[in-house]
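So the chains spell out like this:
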Amino acid sequence: MSDITKQSLTELVENIKNKKLSSTDVTKAFIQRSEKSSELNAYITDDFTSALDKAKKFDQKPNLDLKLPGIPMAVKDLFCTKNVKTTAGSKILNNFVPTYESTVTENIWHEGAILLGKLNCDEFAMGSSNETSHFGNVQNPIDKNLVPGGSSGGSASAVAGQLTPITIGTDTGGSIRQPASFTGIVGLKPTYGSCSRYGIVAFASSLDQAGPMAQNVKDCALLQEVISTYDSKDSTSINFKRNHYSKELTKNIKGKKIGIPKEYRVDGMPKEIEDLWQKGIQYAKDCGAETIDISLPHTSYALPTYYIVAPAEASSNLARYDGVKYGYRAKGENLIDMYEKTRSEGFGAEVQRRIMIGTYVLSSGYYDAYYLKAQKVRKLIKNDFDEAYKRVDAILTPSTPSSAFKIGEKTNDPVSMYLNDIFTVPVNLAGLPGISIPAGHDTKGYPLGLQIIGKAFDEQNILNIAFAMEEKINFKNKITDWWIK
Amino acid sequence: MSIDLKTIKHISKLSRISVDEKRAEKLADDLNSIFEFIEKLNELKTDDVKPLTSIAETTLKFRSDEIKSKNIREQIIKNSPEDNEDYFVVPKVIE
């Protein structure tokens, strides 16, 4: 049984299609391993009983033409799942049971996959370590008391720990790529407008994107193919020609021009990150690509811009939590008192902090100085990329400025926590696709990732580069099962 | 620039999040360190830059104004903390 959970998504799909495994075999194996993995705290809500019923039903009349035939899958608890509790990691949604399904998860079930459960995340996806979740922090399968990154920390932990063959996360400033890097897995943040935001608990609407988190690039391409669809229910969904990403995947990247931005060499960056980057450049050359030094001059302004834009949008989006229509309600002496107590008791410290920042930068007298200024700098950041893409096909950078850190290490200093996303945030601000692939280990043996950033709608290209480099890197994740009871 | 307790109280009121004295002090500290970091943007001259308001740079599509979800009253009310027949219940507003 234990061998089943070690298989990649692609292998599992093949084995189910060849009838070497049934959906029940596979679902049972992942449920059993998930049950033994409670110490990781990767799940907020499990749906195991129902998953097993669905697997049995699938096996009675298997449709093997589907892309994810009978594959069990846990998803980030930010996706609304019909009749299955969806909390966004928050007390304020502790009792929320959606009456509808998100488009992205709907696409997944439509291709035959089966919901295993809902995975832990930072509250409203606001965090870089999964420590802001109301349901407790998540352990990184790499080592005890190590954060898995965030906000899709439960998702990263579940894939690296083999509790689910693959998963989906969401990425507003790095929430797929940073945890993927911290846990030694692959994570793709698609182009803004590629995957529908319908039914995803909103954080910052102009930045949020759903994307796959997987053990390898091929699995990642397959899931991207399933989740990326045009959706009229999301007004920012874009109707463009979507590739059959997994079918069109190729390791032939000969002659591709890959940009190396000098501004990503930041002060105080550990030598092992610089070394990893240099190794990455060599791998890209070994694959036949050409590397070119480029400049993205406004890179250092991306984080300050993000910490205006994202909280501003969040403060607006989170105004809906008023204790009236759904979610937690506190008792109050009157309506206003009820609102204020509900939000004070229902939101955690980080979420309150961001709502306050957002409210402040949008408030009368400060709008121009902060919000409008940030929108202008955002334009400059996007222009940097547009300029660079006249000369190159993709850009290669480290995914994070460090490897995973210890639980509690950065919780008292919000700015040092925010600096985690220094290499990922510019990609969201410019609406581009970016993929993090595991590329090596630091001296402590913790995984490190490299990020490949693409042109808008050019997911196929960065998947191809990642696919080619993955073979050269030949990364092996060091999972010891230390948490298994 | 420095965010004082009075400003914190003002933002907390606008945000509809009640904050006691102790929390307000902590929030003031946090926000000041975050804004110190944000001030970096003032290094840039942006007078002639057009703000980026939509990342996709496309105009939003119109759709016809038609009802697609019918009879979902029960679904809408299902998650409310307190309801009475077809209505959400809130603390008394009019004396």
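Residues numbered from 1 in each chain as written. Chains lettered and ligands numbered in written order. Predicted model: local features only at pLDDT ≥ 70, side-chain atom pairs only at ≥ 80, totals over all residues. Heavy atoms only, no water.

Enquirer: Help me understand the overall build of chain B in this model?
Expert: When its secondary structure is counted, chain B shows three helices and two strands. Tracing chain B from N to C terminus, the helices and strands come up as α-α-α-β-β. Rg of the C-alpha trace for chain B: 22 Å, well past the compact-globule value of 12 Å for 95 residues, more than 25% over. Overall, chain B is about 55 × 45 × 25 Å in size when its C-alpha atoms are taken along their principal axes. (Helix = DSSP H or I, 4+ residues; strand = E, 2+ residues; numbered from the N terminus. Rg over C-alpha atoms; globule rule 2.2 N^0.38 Å.)

Enquirer: What should I look at first to understand the overall build of chain A in this one?
Expert: Regarding its fold elements, chain A presents 16 helices and eleven strands. Its C-alpha radius of gyration of 21 Å places chain A within 12% of the 23 Å reference for a compact globule of 485 residues. Counting over 485 residues, chain A shows a buried share of 68%. By sequence separation, contacts in chain A at least 24 residues apart represent 76% of the contacts at least 6 residues apart. (Buried < 20%, exposed > 50% of the residue type's maximum accessible area, 1.4 Å probe, protein only. Contact = heavy atoms within 4.5 Å.)

Enquirer: What should I look at first to understand the sheet that holds strand E11 (residues 447-454) of chain A in this one?
Expert: Where strands meet in a sheet, backbone hydrogen bonds hold them as pairs that are either parallel or antiparallel. Residues and elements named next belong to chain A. Strands sit in the order E4-E6-E5-E10-E11-E9-E7-E8 across an open sheet of eight strands; the sheet is mixed. Edge positions in the open sheet fall to strand E4 (166-171) and strand E8 (290-294), since each of these has one partner strand only. On average, each strand axis in the sheet is inclined to that of its neighbour by 30°, with strand direction left out of account. As judged from the five bridges shared by strand E9 (residues 394-398) and E11, these two strands associate in the antiparallel manner. Among the inter-strand pairings, Leu396 is bridged to a residue of E11, identified as Ile452. Contacting E4, strand E5 (186-189), strand E6 (209-214) and strand E10 (434-441), helix H8 (residues 217-227) runs over the sheet at an angle of about 150° to E6. (Pairing = 2+ DSSP bridges. Axes fitted to C-alpha atoms, helices over the stretch in contact; angles between N-to-C directions.)

Enquirer: Would you explain the packing of H8 of chain A against helix H16 (residues 459-473) of chain A in this entry?
Expert: Axis angle and axis distance: for two packed helices, these are the angle between their axes and the distance between the axes, and together they describe the pair. All names here are of chain A. Packing of H8 against H16 brings their axes to within 9 Å, and their N-to-C directions diverge by 160°. One finds that H8 runs roughly antiparallel with respect to H16. Helix-helix and strand crossings are classified by hand; for H8 and H16 the assignment is left-handed. Along the contact surface, H8 presents Val217, Lys218, Cys220, Ala221 and Gln224, while H16 presents Glu459, Leu463, Ala466, Phe467 and Glu470. Within the contact of H8 with H16, the residues separate by chemical class into six nonpolar, one polar and three charged. (Parallel < 35°, antiparallel > 145°, perpendicular 65-115°, else oblique. Left-handed = near helix turned anticlockwise from the far one by under 90°. Nonpolar A, V, L, I, M, F, W, Y, C, P; charged D, E, K, R; others polar.)

Enquirer: Where do I start with helix H11 (residues 335-346) of chain A in this structure?
Expert: Within an α-helix, residues lying three or four positions from one another point in the same direction, as the helix has 3.6 residues per turn. The terminal C-alpha atoms of H11 of chain A, which comprises twelve residues, lie 16 Å apart, in line with the 16 Å expected from a rise of 1.5 Å per residue. Turning to H11 of chain A, its buried residues number three or more, namely Leu335, Asp337, Met338, Glu340, Thr342, Arg343, Ser344 and Gly346 of chain A. On its buried face, H11 of chain A sits against helix H12 (349-362) of chain A together with helix H1 (5-15) of chain B. Put simply, Asn334 of chain A is the residue that caps the front of H11 of chain A, since its side-chain oxygen is 3.2 Å from the backbone nitrogen of Ile336 of chain A. (Expected span 1.5 Å × (residues − 1). Polar contact = N/O pair within 3.5 Å; in protein donor to acceptor, adjacent residues only side chain to side chain.)

Enquirer: It is not clear to me how a nonpolar patch on the surface should be interpreted in this structure. Could you clarify?
Expert: Residue and element names in this part refer to chain B. A cluster of nonpolar side chains, Val90, Val93 and Ile94, forms an exposed patch at the surface whose accessible area comes to about 290 Å². Following the sequence through the fold, Ile94 ends up in the segment after strand E2 (87-88). Residue Ile94 is classed as exposed on the basis of its relative accessible area, which comes to 69%. (Patch = residues over 30% accessible without salt bridge, like charges linked within 9 Å, V, L, I, M, F, W, Y side chains within 5 Å. Areas by Shrake-Rupley, 256 points an atom, 1.4 Å probe, with all protein chains shown as cover. Salt bridge = Lys/Arg side-chain N within 4 Å of Asp/Glu carboxyl O.)

Enquirer: What exactly am I supposed to notice about the interface of chain B and chain A here?
Expert: In many reports, interface size means the accessible area that the parts give up when they come together. The interface is formed by 52 residues belonging to chain B together with 63 residues belonging to chain A. Applying the counting rule to chain B against chain A returns two salt bridges. A salt bridge links Arg353 of chain A to Asp30 of chain B, with the nearest nitrogen and oxygen atoms 2.6 Å apart. Our count for the chain B to chain A interface comes out at 17 residue pairs in polar contact (both at pLDDT 80 or more). Broken down by secondary-structure element, the contributors of at least two residues to the side of chain B that touches chain A are H1, helix H2 (21-38) and helix H3 (73-77) of chain B. Looking at the side of chain B that touches chain A element by element, the count peaks at ten residues for H2 of chain B. For the side of chain B that touches chain A, a count of residues per class yields 27 nonpolar, eleven polar and 14 charged.

Enquirer: Just to check I follow, could you spell out empty space enclosed by the protein for this structure?
Expert: One water molecule sets the probe size; rolling that probe over the atoms shows where empty space is left. All names here are of chain A. Applying the stated criterion to the full structure yields two cavities of 30 Å³ or more. Empty space within the largest cavity amounts to approximately 60 Å³. In terms of lining, the largest cavity is formed by Ala125, Met126, Gly127, Ser128, Thr172, Gly173, Ser175, Phe203, Tyr306, Tyr307, Arg354 and Asp421. Of the residues belonging to the lining of the largest cavity, the class tally is five nonpolar, five polar and two charged. By volume, the second largest cavity amounts to about 40 Å³. Looking at the lining of the second largest cavity residue by residue, the classes come out as five nonpolar, two polar and one charged. (1 Å grid on protein atoms, 1.4 Å probe; cavity = no way out; pocket = protein on both sides within 12 Å on 5 of 7 lines; lining within 4 Å. Points joined across faces, edges and corners; volume = space filled by probe spheres on them.)

Enquirer: I keep staring at the sheet that holds strand E1 (residues 43-46) of chain A and nothing clicks. Help me out?
Expert: Residue and element names in this part refer to chain A. In space, the three strands of this open sheet follow the order E1-E3-E2, with mixed pairing throughout. The open sheet has two edge strands with one neighbour each: E1 and strand E2 (72-76). The sheet shows a mean angle of 35° between the axes of neighbouring strands, taken without regard to direction. Bridge count for E1 against strand E3 (residues 114-119) is three bridges, and the pairing is antiparallel. Note that in E3 the partner of Asp46 across the bridge is Gly117. Lying on the sheet, helix H4 (residues 48-60) is in contact with E1 and E3; it crosses E3 at an angle near 160°.

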